[in-house]
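The residues making up each chain are set out below.
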Amino acid sequence: MKTNEEKTAGKELPAEGTVITGSEALIFSLLKENADTIFGYPGGAIMPVYDALFDYRDQLNHVLVRHEQGAAHAAESYAKILGKTGVVLVTSGPGATNLVTGLANAMIDSVPMVAFSGQVSSNLLGTDAFQETDVIGITMPVTKWNYQITSAEEIPEIVAKAFYIASTGRPGPVMIDITKDAQFGKIKWHYEKCRRIRSYFPYPKVQMDKVEKAAHLINKAQKPLLIAGRGILISKAEEELMNLVTKADIPVTTTLLGLSSFPVDHPLNVGMPGMHGNMAPNIKTNECDLLIAIGMRFDDRITGRLDDYANQAKIIHIEIDHSEIGKNVTSDVAIVADAKDALSRLLPLVKENDHKEWVESFRKEYKKEYEKVIKPARESKGLDIKMDEVVHLISDKTDGQAIVVTDVGQHQMVVARNYCFKQARSFVTSGGLGTMGFGLPAAVGAKVARPDRVVLGFAGDGGFQMTIQELGTIAQHKLPVKMILLNNSFLGMVRQWQDMFFDKRYSFTELANPAFTKIASEGYGIASRYIEKREDLEKAVDEMLDTEGPFLLEVKVMKEQNVFPMVPAGASVSHMVTE
């Protein structure tokens with residue numbers, strides 16, 4: 001696969017007023033929006049666009065996935081890593097409906113993405129023509145905006161609007177459905193980027209009186225705690241966050257989607273909150289006198305039982321989406337703004353401070369958790385390998401510098417708890433929707449985005465099989481993704497709940513799995529290795545990391561390992577179980 005630097009200049013765009021087809025207009029519009037990569041799958045209703053793409057394949061790298069859901073997840077990951085809008089291109093009917101899960105995932109995780117689907121000709125709309133589906137009706141609930149183009153003249157304007165909406169304010173996915181006659185139609189070429197839309201105000205004006213109130217609360221707080229969410233990464237506010245917390249000596253806890261926004265090994269990083277988070281931030285949430293939440297939505301996996309969540313604390317909530325303010329947790333000071341803008345204005349008003357004893361109290365709680373939970377899981381001496389020791393070893397071997405992608409399940413929580421992220425934009429996972437099957441195509445998107453960095457894709461045996469066909473994408477495009485399959489022959493997280501809350505009645509959660517390494521090596525020509533003995537683990541990890549191309553490392557792990565600590569559903573975050 002060619003990197004951006006290796007690509008040729010390609011054909012020049014036509015001069016203003018040149019007569020072109022709607023399909024060409026779409027390709028040229030993408031180039032005008034500085035798109036360089038498309039994740040897609042061709043079909044009859046989008047064939048004119050693919051034909052136009054043929055002449056511009058050096059400027060628009062096309063990644064041929066094996067399923068349209070994979071295209072959406074790959075584009076999401078690409079967008080998260082680079083902070084730019086992902087692009088998806090599919091055909092009508094099932095091609096478009098296969099995107100729905102990916103659109104929903106991007107919507108709840110605030111990922112900028114523009115997806116294009118072909119559609120039957122406009123004269124056939126509503127006739128139940130072959131592969132006709134009401135794409136607009138289906139995708140309306142899971143997109144930030146959607147639109148059906150029925151005329152070639154609309155294409156440049158709608159594409160510009162789509163990119164503007166997807167990438168501004170709280171980002172999200174946009175779906176554009178294009179009829180086949182619009183793709184064939186002729187227009188005079190003209191493109192103008194969208195700068196504003198009436199009644200759409202993506203960046204609220206910061207109210208300085210709210211900022212001053214927030215600064216006052218921070219300056220007088222004795223036990224402050226800051227929760228950093230994905231909004232920090234979206235607004236590229238990592239530096240502002242660092243400056244604020246080091247100046248005021250505030251401990252930082254990062255949500256699952258906020259991981260890598262603040263270095264894990266920084267003295268003020270006190271871990272991850274939530275259901276499978278660290279004990280210290282969960283316990284201290286109900287002890288702090290000030291809770292500062294930035295770019296996060298107080299979802300149920302963070303808060304636990306709302307009645308017992310941070311009742312003793314004043315709460316500052318910085319969030320760009322006004323609808324999230326007060327939705328779950330009432331704030332004392334709400335700053336509706338972009339995180340970077342708000343923090344830049346807040347920093348000069350915050351005084352230097354020292355909360356040494358408060359910060360130390362987090363370390364004491366961590367030591368308890370380390371001795372009771374973390375150390376035994378990482379240093380297991382039994383016959384079975386535990387997931388924690390695999391992730392911890394790989395974290396050490398890569399010095400916390402890799403881009404880490406996960407699927408969904410127990411391994412996801414284990415990775416979040418054990419990988420030492422040292423660089424921003426280094427963690428990609430499905431947060432709000434919890435989409436099994438996300439991991440493998442997301443690893444594809446991450447590697448396409450950053451071919452210069454090591455990309456590790458962790459998955460369980462359940463999620464891996466949901467999108468296993470994307471091994472074909474990895475093989476065809478020769479993407480050197482390092483895949484770690486933690487195989488316990490169970491739908492692990494569901495089994496854990498059955499173990500803890502359903503009297504160990506393992507109802508349909510045990511899996512009869514295929515020979516994964518044979519599928520990879522013999523089926524796709526991808527180097528692979530299977531291990532089940534601890535003495536083979538380090539050598540196998542070294543082999544994986546030293547291999548130039550893609551590699552699948554399958555590790556047979558403890559079959560009935562549970563992930564602790566855990567906040568049971570409906571419990572207070574300060575009541576975590578450890579066994």
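Residues numbered from 1 in each chain as written. Predicted model: local features only at pLDDT ≥ 70, side-chain atom pairs only at ≥ 80, totals over all residues. Heavy atoms only, no water.

Engineer: Talk me through helix 16 (residues 387–397); I want residue IDs and the actual numbers.
Structural biologist: Within helix 16, eight of the eleven residues are buried, which leaves it mostly tucked inside the rest of the structure. Buried within helix 16 we find Met387, Asp388, Glu389, Val390, Val391, Leu393, Ile394 and Ser395. Buried positions along helix 16 lie against helix 15 (356–378), helix 17 (410–418), strand 16 (455–460), strand 17 (482–487), helix 23 (537–546) and strand 19 (551–556). Positive backbone phi, approximately 55°, marks aspartate 399, located one or two places after helix 16. (Buried < 20%, exposed > 50% of the residue type's maximum accessible area, 1.4 Å probe, protein only. Helix = DSSP H or I, 4+ residues; strand = E, 2+ residues; numbered from the N terminus. Contact = heavy atoms within 4.5 Å.)

Engineer: Give a description of the domain arrangement of the protein chain that names residues and reports values.
Structural biologist: The domain boundaries assigned to the protein chain delineate domain 1 (19–188), domain 2 (208–361) and domain 3 (379–556). For domain 1 and domain 3, the distance between their C-alpha centroids amounts to 30 Å. Every contact between the two is made by 25 residues of domain 1 and, on the other side, 26 residues of domain 3. Together, the buried faces of domain 1 and domain 3 total about 2,000 Å²; carbon and sulfur atoms form 64% of this surface. On inspection of domain 1 and its partner domain 3, the count reaches zero salt bridges. Our count for the contact surface shared by domain 1 and domain 3 stands at 14 residue pairs in polar contact (both at pLDDT 80 or more). (Domains from an automatic or database assignment. Buried area = accessible area lost by both parts, 1.4 Å probe. Salt bridge = Lys/Arg side-chain N within 4 Å of Asp/Glu carboxyl O. Polar contact = N/O pair within 3.5 Å; in protein donor to acceptor, adjacent residues only side chain to side chain.)

Engineer: Kindly report on the environment of glutamate 192, identifying the contributing residues and their values.
Structural biologist: Topologically, glutamate 192 is positioned in the loop between strand 8 (186–188) and helix 9 (208–220). Of the residues examined, glutamate 192 reaches a relative accessible area of 57% and is grouped as exposed. For the pair glutamate 192 and proline 156, spaced 36 residues apart in sequence, the C-alpha to C-alpha distance is 7.7 Å.

Engineer: Requested: an account of the side chain of histidine 411, with residues and values cited.
Structural biologist: Assignment of secondary structure puts histidine 411 in helix 17. Histidine 411 gets classed as buried once you look at its relative accessible area, which sits at 4%. A polar side-chain atom of histidine 411 sits 3.1 Å from the main-chain amide nitrogen of aspartate 407. With residues up to four places along the chain from it excluded, the contact list for histidine 411 reads Met387, Thr406, Phe458, Ala459, Gly460 and Leu486.

Engineer: Go over the confidence of the model for the protein chain, please, and point to the residues and values.
Structural biologist: Chain-level pLDDT for the protein chain is 95 on average; 98% of the residues reach the 70-or-more range. Within the model, pLDDT remains below 50 along residues 1–9, and this stretch shows 18 contacts once partners closer than five positions in the same chain are excluded. (pLDDT = per-residue confidence, 0-100.)

Engineer: Outline helix 5 (residues 100–108), supporting the account with residue identities and numerical values.
Structural biologist: Residues of helix 5 that are buried: Gly102, Leu103, Ala104, Asn105 and Ala106. Against the buried residues of helix 5 lie helix 3 (68–82), strand 5 (113–119), helix 6 (135–139) and strand 7 (173–179). Taken from the residues just after helix 5, serine 110 is the one with a positive phi, measuring 55°.

Engineer: Let's hear about the environment of proline 550: which residues, and what values?
Structural biologist: Relative to the elements of secondary structure, proline 550 occurs in the loop between helix 23 and strand 19. On the accessibility criterion, proline 550 (14% relative accessible area) is buried. Between the C-alpha atoms of proline 550 and valine 159, which are 391 residues apart in sequence, the distance is 35 Å. Beyond its immediate stretch of four places on either side in the chain, proline 550 contacts Ile474, Leu479, Pro480, Val481, Met483, Ile526 and Ala527.

Engineer: Give a description of the sheet that holds strand 2 (residues 37–40) that names residues and reports values.
Structural biologist: Spatially, the six strands line up as an open sheet ordered 3-2-4-5-7-6, and their pairing is parallel. Two strands bound the open sheet, and with one partner strand each, they are strand 3 (61–64) and strand 6 (145–149). Averaged over all pairs of adjacent strands, the angle between strand axes in this sheet comes to 20°, irrespective of strand direction. The sheet contact formed by strand 6 and strand 7 spans five bridges and is parallel. Following the sheet pairing, tryptophan 145 is matched in strand 7 by valine 174. On top of the sheet, helix 7 (residues 155–167) reaches strand 4 (86–90), strand 5, strand 6 and strand 7; it is set at about 170° to strand 6, its chief contact. (Pairing = 2+ DSSP bridges. Axes fitted to C-alpha atoms, helices over the stretch in contact; angles between N-to-C directions.)

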